[in-house]
Amino acid sequence: MSISPMETIFNVLNETSLILKDELNCTYLEALSETGENLFHGDIIQDELSELTKKRLKKQYERINLSAFSKEEVRKSYQLAILKGMRDNVQSNHQMTPDSIGLVMSYLIKKFTDKAEAFSLLDPAVGTGNLLTTILNQIDDKEITSYGVDIDDLLIKLAYIGANLQSQPIQFFNQDSLEHLFIDPVDVVVGDLPVGFYPNDLGSQKYILKSEKGHSYAHHLFIEQSLKHTKSGGYLFFLIPNGLFESEEAPKLQRFLSEHVYIQGVLQLPESMFKNPNAAKSILILQKKGDEIKGPKQVLMAKLPTLSHQQAMEAMIAKIEKWFDENK
Ligand code: SAM
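Parameters at a glance
- Residue numbering note: each chain is counted from 1, following its sequence as written.
- With pLDDT at 70 or above as the cut-off, local features in this predicted model cover only qualifying residues; side-chain atom pairs require 80 or more to be listed or tallied, and sums for whole chains, interfaces and linings still use all residues.
- By convention in this description, side-chain values take in all heavy atoms of the structure and omit both hydrogens and water.
- Here, the term nonpolar core denotes a set of buried Ala, Val, Leu, Ile, Met, Phe, Trp, Tyr and Cys residues that are joined through side-chain atoms within 4.5 Å.
- Each residue gets one of three labels from its accessible area relative to the maximum for its type: buried under 20%, exposed over 50%, partly exposed in between, using a 1.4 Å probe on protein chains only.
- Put simply, DSSP H or I for four residues or longer makes a helix, DSSP E for two residues or longer makes a strand, and each gets a number counted from the N terminus.
- Contacts: residue pairs with any heavy atoms within 4.5 Å of one another.
- By definition, two strands form a pair when at least two bridges between them are found by DSSP.
- For helices, the fitted line uses only the C-alpha atoms of the stretch in contact; every axis is such a line through C-alpha atoms, and the angle between N-to-C directions lies from 0 to 180 degrees.
- Think of the arc as the fan of directions from the helix axis to the C-beta atoms.
- Relative orientations are named as follows: roughly parallel for angles under 35 degrees, roughly antiparallel for angles over 145 degrees, roughly perpendicular for angles from 65 to 115 degrees, and oblique for any other angle.
- Crossing handedness is defined as follows: a turn of the near helix away from the far one that is anticlockwise and smaller than a right angle gives a left-handed crossing, while the clockwise case is right-handed.
- Ten residues, namely Ala, Val, Leu, Ile, Met, Phe, Trp, Tyr, Cys and Pro, are considered nonpolar, four, namely Asp, Glu, Lys and Arg, are considered charged, and the remaining ones, Gly among them, are considered polar.
- Counting rule applied: Lys, Arg positive; Asp, Glu negative; His and chain ends not counted.
- When a carboxyl oxygen of Asp or Glu lies within 4 Å of a side-chain nitrogen of Lys or Arg, that pair is called a salt bridge.
- Nearness is judged by heavy atoms alone; a residue qualifies as near a molecule or strand once a single heavy atom is within 4 Å of it.
- Side-chain atoms alone can form a polar contact between residues adjacent in sequence; in general such a contact is a pair of N or O atoms within 3.5 Å, and within protein one must be able to donate a hydrogen while the other accepts it.

Draft legend 1. Quick look at the nonpolar core. Of all hydrophobic cores here, the largest spans 36 residues; its most connected members are Met 105, Ile 109, Leu 121, Ile 135, Val 190, Phe 237 and Ile 283. The element contributing the most residues to this core is helix 5 (residues 99-112), with six residues. Residues contacting Ile 109, with those up to four places away along its chain left out, are Phe 119, Ile 135, Ile 139, Val 188, Val 190 and Phe 237. With 29 residues, the next largest nonpolar core counts Phe 10, Ile 64, Met 86 and Leu 158 among its residues.

Printed below as a string of structure tokens:
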């Protein structure tokens, strides 16, 4: 029985990660990053391994030639291996953005950047890079200069190895995104924001959206920081909790947004996409204000149907296309 390209790549990633996990006495995700490095370099870079182990790894690597696969086949198989590694232990705030959300985000970014031949793109919470590489693979007819930032050194290592394996030249920064960023303002920001409190009270002092007492909301500070790194007229696409505008800090956030951005749209994702319906999310689309930038006549508000519900999805896409005709 023939197996799909995705399974072929996944099997090699998985078998070699298991070998490296045992031999290097590390976690599956750490081993996956090691095997990804080997695949990218076309060599085994862990000198400490025995000749026998190197032979076993080589035999696996010989089963695939990555350049023969599409970027999406590589991304999806790598994503499966990361998901397997994340099953063991990962905080909910560090979870990878699922494909379904990445595809909706890609569609929206494509529509909003329709007239641009090239643009710059920043993901300040890039994690494993799954969301960012989904977008880059989907929008392959434009030159996109992209940046990813994350505080977690293993996740960002997985992201840069994934980018290498998919030949996506992303510039990565392993740091706290709420500290000073050495990235010039970009045309587009995208982010599946970490939701919760930012523990660095001193660091939050420079933000307008800091809380007056106790820790500040990291997701609010991320919005402010992202806006600082966006050009006038640039767009921001955030995955946000549905209750973003309901907390006690919400009035301050609303005032801040009305001063600096035009809200373009709020798209509520179907609850079926989330294991816990209380953790359901929406996509918030903003445009940074600037000279000659006008807001939309109407904000795009929609509740997306389940993506597999083809008829409802077609009606929704027609509604979004109509909004673009009337507002953009
Ligand atoms: N889009 C990512 C992906 O596809 O893998 C998932 C993003 S995950 C929901 C949120 C990310 O924010 C995590 O990777 C976490 O490490 C990162 N994060 C949390 N606080 C941060 C901070 N202060 N600076 C930079 N990254 C942070």
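Draft legend 2. Representation of the sheet that holds strand 9 (residues 281-288) in the model. The eight strands lie next to each other as 3-2-1-4-7-9-8-10, forming an open sheet whose pairing is mixed. The sheet terminates laterally at strand 3 (170-174) and strand 10 (300-303), the two strands that pair on one side only. With strand direction ignored, the average angle separating the axes of adjacent strands in the sheet is 15°. Sitting on the sheet, helix 9 (residues 218-228) is in contact with strand 4 (186-192), strand 7 (230-241), strand 8 (261-268) and strand 9, with an inclination near 160° to strand 7. Helix-sheet contacts for helix 10 (residues 250-260) involve strand 8 and strand 9, and the interaxial angle to strand 8 is about 120°.

Draft legend 3. Examining helix 3 (residues 51-61) more closely. Where helix 3 is concerned, the buried positions are Thr 53, Lys 54, Leu 57, Gln 60 and Tyr 61. For helix 3, the angular spread of buried residues about the axis comes to 120°, placing them on one side. Those residues of helix 3 that are exposed and angled more than 90 degrees off the buried face are Glu 51, Leu 52, Lys 55 and Lys 59. Those residues of helix 3 that are buried lie in contact with helix 1 (5-24) and helix 2 (28-41).

Draft legend 4. Structural detail: the packing of helix 4 (residues 71-88) against helix 7 (residues 153-165). Running from N to C, helix 4 and helix 7 point in directions that differ by 160°, and their axes come no closer than 10 Å. Between helix 4 and helix 7, the crossing angle belongs to the class labelled roughly antiparallel. The way helix 4 lies across helix 7 gives a crossing that is right-handed. Residues Val 74, Tyr 78, Ile 82 and Met 86 of helix 4 pack against Leu 155, Leu 158, Ile 161, Gly 162 and Leu 165 of helix 7. A breakdown of the residues in the contact of helix 4 with helix 7 according to their chemical character gives eight nonpolar, one polar and no charged.

Draft legend 5. Fine view of the side chain of Lys 288. Positionally, Lys 288 belongs in strand 9. Buried and unpaired, Lys 288 has no salt bridge, with Glu 224 as the nearest side chain of opposite charge at 11 Å.

Draft legend 6. Fine view of the pattern of salt bridges. Within this structure, the stated rule accounts for ten salt bridges. One salt bridge in this structure joins Glu 51 and Lys 54, with 4.0 Å as the shortest N-O distance. Here the residue Glu 51 and the residue Lys 54 both occupy positions in helix 3, the gap between them amounting to three residues, near one helical turn. Taking the relative accessible area as the measure of exposure, Glu 51 reaches 60% and is therefore exposed. Put simply, Glu 212 and Lys 252 hold a salt bridge, and the shortest N to O gap is 3.6 Å.

Draft legend 7. Fine view of the site of the ligand. Taken together, 23 residues are adjacent to the ligand, and Thr 97, Thr 128, Asp 150, Asp 176 and Ser 177 come closest. Between the ligand and Ile 151 there is a distance of 3.3 Å, counted from a nitrogen atom to a backbone nitrogen or oxygen. In the model, a nitrogen atom of the ligand is placed 2.9 Å from a nitrogen or oxygen of the Asp 176 side chain. Across the shell around the ligand, the residue classes tally to nine nonpolar, ten polar and four charged.

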